[in-house]
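# Structural characterization, general
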Amino acid sequence: QVQLVESGGGLVQAGGSLRLACAASGRTFSDYNMGWFRQAPGKEREFVAAISWGGGRTYYADSVKGRFTISRDNAKNTVYLQMNSLKPEDTAVYYCAADEAVVARAPDEYDYWGQGTQVTVSS
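Treat the numbers as computed from the prediction; the structure is a model and nothing was measured. (Residues numbered from 1 in each chain as written. Predicted model: local features only at pLDDT ≥ 70, side-chain atom pairs only at ≥ 80, totals over all residues. Heavy atoms only, no water.)

Within the secondary structure, Thr78 sits in strand E8 (residues 78-83). A residue is classified by how much of its surface remains accessible, and Thr78, at 9% relative accessible area, is buried. Beyond its immediate chain neighbours, meaning those up to four positions away, Thr78 contacts Ala21, Cys22, Ala23, Phe29, Arg72 and Asp73. (Helix = DSSP H or I, 4+ residues; strand = E, 2+ residues; numbered from the N terminus. Buried < 20%, exposed > 50% of the residue type's maximum accessible area, 1.4 Å probe, protein only. Contact = heavy atoms within 4.5 Å.)

Of note, the phi angle at Asn77 is positive, near 55°, even though the residue is not glycine. Inspection of the secondary structure puts Asn77 in the loop between strand E7 (68-73) and E8. Asn77 gets classed as partly exposed once you look at its relative accessible area, which sits at 31%. A positive phi angle, close to 50°, is found at Ser85, a residue other than glycine. Here Ser85 lies in the loop between E8 and strand E9 (92-99). Overall, the relative accessible area of 41% leaves Ser85 in the partly exposed class.

Within the secondary structure layout, Arg72 lies in strand E7. Buried charge without a partner: Arg72 forms no salt bridge, and the closest opposite charge is Asp73, 8.3 Å away. Among the polar contacts listed, one links the side chain of Arg72 to the backbone oxygen of Phe29, at a separation of 3.1 Å. Only 2.8 Å separates the side chain of Arg72 from the backbone oxygen of Tyr32, close enough to count as a polar contact. (Lys, Arg positive; Asp, Glu negative; His and termini not counted. Salt bridge = Lys/Arg side-chain N within 4 Å of Asp/Glu carboxyl O. Polar contact = N/O pair within 3.5 Å; in protein donor to acceptor, adjacent residues only side chain to side chain.)

Let us look at the pairing of strand E4 (residues 33-39). With six of seven residues buried, E4 lies mostly within the body of the structure. Across seven bridges, E4 lies against E9 in antiparallel orientation. Across the sheet, Gly35 pairs through a bridge with Ala97, a residue of E9. Note: E4 against strand E5 (residues 46-51), five bridges, orientation antiparallel. Looking across to E5, one finds that Arg38 is bridged to Glu46. Between E4 and E5, which follow one another and run antiparallel, lie six residues, and Gly42 among them has a positive phi close to 80°. (Pairing = 2+ DSSP bridges.)

Such coordinate-based values are descriptive only and should not be taken to indicate function.
Below, the structure written as structure tokens:
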């Protein structure tokens, strides 16, 4: 079992920045590929970014490419999502997720999820 806890959400003006963190506990963090997803009201959960267990491979949704950066610190059991140039359409609950087998874009591939952190971008 892996427990995930997100932090760093909040209210920010358009064009601003936030850094989300996801702290993991339980099993060995470096065994897991990690992903960030988001879900806006009335919409399905969507892929934002993913990173391989060693940090060597990263993937992004087209909507955030060039604005968001995913990274991880295995010594601190934490994955980060640096979000710059935020837009109102980035408003959502952001979730981190862990999977041992693949670095995936599909939420169904992930085995463990955090509780989410709210990000609100005002125009």
